[in-house]
Amino acid sequence: MNNQPLILGIETSCDETSAAVVRGGTECLSNVISSQMDVHKKFGGVVPEVASRRHVERITLIIQKSLEEAKVKMEEIDAIAVTQGPGLVGALLIGVTAAKALAYATGKPLVPVHHIAGHIYANHLVEPLTFPLVALVVSGGHTELIHMDRHNHFRRLGKTRDDAAGEAFDKVARLMKLPYPGGPQIDRLAAQGEPTYDLPRAWLEPGSFDFSFSGLKSAVMNLMHNASQRGEEIRYVDLAASFQEAALDVLVEKSIRAVKETGVDQLVLAGGVSANSALRIRLLERCKEEGIRLAIPPLELCTDNAAMIAAAGTYQFLDGELADLELNADANLPLIK
């Protein structure tokens, strides 16, 4: 089998319609992304039915454009990789259906990819992953620490027990009446403030690599409510800085501990929240202190994109992990089966 396969990736798990062509898991020939952020902004969040309809309208054109930008023809593609889950089921179905139709029409193999695996492999497009490693996955729906000792092999060290980090950022931003998406707004405000408010850190049981951000979100809500009751003014820049520091303290320190306790020397950052400037700076500083190699994806690969799906799909294809035309979207697809 060719070790430098040409993979067409398709990603429609939420509100980005994306298609990409990747060679050998590392060389991105194209990565076309159509964002719906402006559409959903007026609703304060992603509306699933609207997202699905937009995917239907754009998916064919986006796939065609990705092939054109890569300067390859469909017959040159070795396999089609598509996000099977997790995500919004209606949105996922558009990508899965498009991938199955292409696979049926061309006879190309179909590769079902887990969305979180894709986020980890976004780093592989910048510099090849070296194993073993620990990945910190932080996004709107996921906060996990994953150990990998080889390609396409995942072991979960810890996960969120309630709100994911990105979800907590968005909920706190909503409490502060900041525009959608809330994460970047918190990041921007926090850079202007000081962490003067006392907020909790959920370390959980000794030795645990799990996360919990629900209590932190509730603490912000209670602080704002109590201040309102007393007629006190909230300094939003300081509140944003305090919330962000409380969240990042736990994310960073548990990641460093996971690297040390598993004996690996590389930490990989992945997911939409990896675009957070303070998180990137904190991890760079701590990893330098501890002599840990850190991989951080460029901003254009932090959000959902098909290049990361094609990169992850490359190694599933090489391992023979394929799907037939009965493949269905799975909104709650587990990374580790």
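This report concerns the structure included in the present document.

Here is what the cut-offs are and how they apply
- Residues numbered from 1 in each chain as written.
- Predicted model: local features only at pLDDT ≥ 70, side-chain atom pairs only at ≥ 80, totals over all residues.
- Heavy atoms only, no water.
- Core = buried A, V, L, I, M, F, W, Y, C linked by side-chain atoms within 4.5 Å.
- Buried < 20%, exposed > 50% of the residue type's maximum accessible area, 1.4 Å probe, protein only.
- Helix = DSSP H or I, 4+ residues; strand = E, 2+ residues; numbered from the N terminus.
- Contact = heavy atoms within 4.5 Å.
- Phe/Tyr/Trp six-rings, centres within 6.5 Å; stacked < 30°, edge-to-face > 60°.
- Bend = angle between axes of the 7 residues up to and from the residue.
- Polar contact = N/O pair within 3.5 Å; in protein donor to acceptor, adjacent residues only side chain to side chain.

**Examining the nonpolar core**
- Residues Leu136, Met176, Ile186 and Phe243 are the most contacted members of the largest nonpolar core, which totals 50 residues.
- When residues of this core are traced back to their parent elements, those giving at least two are strand E6 (133-138), helix H5 (165-175), helix H6 (182-190), helix H7 (214-230), helix H8 (236-262), strand E9 (266-270) and helix H9 (277-290).
- Among the elements that line this core, the one with the most residues is H8, at 13 residues.
- Setting aside residues up to four positions removed in sequence, Leu136 forms contacts with Glu144, Leu145, Phe211, Leu251, Ser255, Leu267, Val268, Leu269, Ala270 and Leu283.
- Counting residues in hydrophobic clusters, the runner-up holds 34 residues, among them Ala295, Ile309, Tyr315 and Phe317.

**Overview of the packing of aromatic side chains**
- In total, this model carries 3 aromatic pairs according to the counting rule given.
- Where Tyr121 meets Tyr315, the ring centres are 5.6 Å apart and the plane angle is 25°; that geometry is what we call stacked. Residue Tyr121 is found in helix H4 (residues 115-121), and its partner Tyr315 is found in helix H10 (residues 306-318); the two are separated by 194 residues along the sequence. As far as the burial class goes, Tyr121 and Tyr315 line up, both buried.
- When the ring of Phe211 is compared with that of Phe213, the centres are 6.2 Å apart and the planes differ by 10°; the resulting orientation is stacked.

**Here's the deal with helix H2 (residues 48-70)**
- The largest bend in H2 comes to about 45°, at Arg58.
- All buried positions along H2 are accounted for by Val50, Ala51, Ser52, His55, Ile59, Ile62, Ile63, Ser66, Leu67 and Ala70.

**Overview of the environment of Ser274**
- With respect to the helices, strands and loops of the structure, Ser274 is situated in the loop between E9 and H9.
- Ser274 sits 25 residues away from Leu299 along the chain, and the two C-alpha atoms are 8.1 Å apart.
- Apart from the residues within four sequence positions on either side, Ser274 is in contact with Val138, Leu269, Leu279, Arg280, Pro297 and Cys302.
- A polar side-chain atom of Ser274 sits 2.3 Å from the main-chain carbonyl oxygen of Gly271.

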